[in-house]
Amino acid sequence: MGHSHHGHHHHGHGHDHGHPGLVSFTAPKSADHRAKEKTRLWWAIGVTTTAMVVEIVGGLLSGSLALISDAGHMLTHSAALGVSLVAMVLAARPTRPERSFGLYRVEVLAALFNAITLIVITGFIAHEAYERLREPTAILAWQMFGVAVFGLVVNLGTAFILHGGGMEDLNFRSAFFHMIGDTLSSVVIVIGALVIRATNWFWLDPVLSVVICLVILYWAWGLLRDSVHILMESAPEGLSVSKVLDGLRGRFDPVDDVVDIHMWTISSGMHAMTAHVRLKRDLPLAEQSRLAHDMRHYVSDEFSIGHAVFQFEAAADHA
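Here goes a summary of the coordinates provided.

Conventions we followed
Residues numbered from 1 in each chain as written. Predicted model: local features only at pLDDT ≥ 70, side-chain atom pairs only at ≥ 80, totals over all residues. Heavy atoms only, no water. Pairing = 2+ DSSP bridges. Helix = DSSP H or I, 4+ residues; strand = E, 2+ residues; numbered from the N terminus. Axes fitted to C-alpha atoms, helices over the stretch in contact; angles between N-to-C directions. Patch = residues over 30% accessible without salt bridge, like charges linked within 9 Å, V, L, I, M, F, W, Y side chains within 5 Å. Areas by Shrake-Rupley, 256 points an atom, 1.4 Å probe, with all protein chains shown as cover. Salt bridge = Lys/Arg side-chain N within 4 Å of Asp/Glu carboxyl O. Buried < 20%, exposed > 50% of the residue type's maximum accessible area, 1.4 Å probe, protein only. Core = buried A, V, L, I, M, F, W, Y, C linked by side-chain atoms within 4.5 Å. Contact = heavy atoms within 4.5 Å. Right-handed = clockwise from strand over helix to strand, strands pointing away.

Description of the sheet that holds strand β3 (residues 305-313)
Here three strands make up an open sheet; going across it, the order is β1-β2-β3 and the pairing mixed. Since the sheet does not close on itself, it has two edges, and those belong to β1 (255-267) and β3, each with one partner. Along the sheet, successive strands turn relative to each other by an average axial angle of 15 degrees, direction set aside.

Take a look at the structure:
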């Protein structure tokens, strides 16, 4: 019976080191790519935090709950970007025997934390909106309009900074799409401020804050779902277990069957699997090693599974 595995060498690229059957498990991004992402994150954090403070002050001065809601949205994004930055730094650290996959899961934990934070903040905003709907509060519409335009410009700038970064990264992708959501909410607030100025419909402000809450909840739910999916070690999104099985069973002649397959995601874009391989006939150890090598390269090339472990069962074991 042969057992095959490969080492965890984080070089930023995958290759064989002269050992048939050994494929390095590698970080999906180069150090230079990570450095560019960090720079984008630093800029985005600085710009978002500045806009958040301006919207909080503007919301308090104008009496606009919608502005404060948008500032709360920006707060969560600023925190999300900060945690993503920390996660990126930790994930780049070398592996240790007790943490053979490194700290890549920190990214997923950060995404889960961000999702829960978003949901809690929307609860507070929704409660305040209910109180404002019961007793509408006067709004200084022009101040609200000016701050909302500033927020819109900042959101567009931040989205531009993040665009083209690591969109395969769970936190980076969520931060970018949240900024798009923020941009839309800023457009809504700008229009709302003009309507309030023209009509004195002060009830519109808490209504807009509820709309923003719904946008926040939509993104938070997606982030929560993706994070839990990974932490529950479910099969990677968009990857069919049956297709992987059919490929392994039909492509390699010595393989009689593939059973007890497990597939999961370590972090964004980093997939792993284990499986028992039943052989049609007994194979020498050297041939088992070559077969394992070919099977690992196949699942890597066809399904982006960077870490695969195959346990071979000799023909006599399942006769």
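A few points about a nonpolar patch on the surface
Judged by side-chain polarity, Ile119, Val210, Leu214 and Leu217 come together as a nonpolar surface patch covering roughly 310 Å² of accessible area. Ranked by the residues each element gives to the nonpolar patch, the list is headed by helix α6 (residues 204-231), at three residues.

So, the pattern of salt bridges
It is possible for side chains of opposite charge to pair when their charged atoms get near one another. With the rule as written, the count across this model stands at eight salt bridges. With a shortest N-O distance of 3.7 Å, Arg132 and Asp205 are connected by a salt bridge. Note that Arg132 is positioned in helix α3 (residues 105-134) and Asp205 in helix α6, a separation of 73 residues in sequence. When its relative accessible area of 0% is taken as the criterion, Asp205 is described as buried. Put simply, Glu313 and Arg278 hold a salt bridge, and the shortest N to O gap is 3.4 Å.

Let's talk about the nonpolar core
In this structure, Val244, Leu248, Met273, Met295, Val299 and Phe310 are the most contacted members of the largest nonpolar core, which totals 24 residues. Secondary-structure elements contributing two or more residues to this core are α7 (241-251), β1, β2 (270-279), α8 (285-303) and β3. Per-element tally for this core: the top contributor is α8, with six residues. Among all residues touching Val244, those that are not within four sequence positions of it are Leu239, Ile261, Met263, Met273, Val299, Phe303 and Ile305.

Quick look at the pairing of β3
β3 sits mainly inside the fold: eight of its nine residues count as buried. Bridging between β2 and β3 involves eight bridges; their strand directions are parallel. Bridging across to β3, His271 finds its partner in Ile305. Taken together, β2, α8 and β3 form a β-α-β motif whose crossover is right-handed.

Keep in mind these values describe shape, not function.
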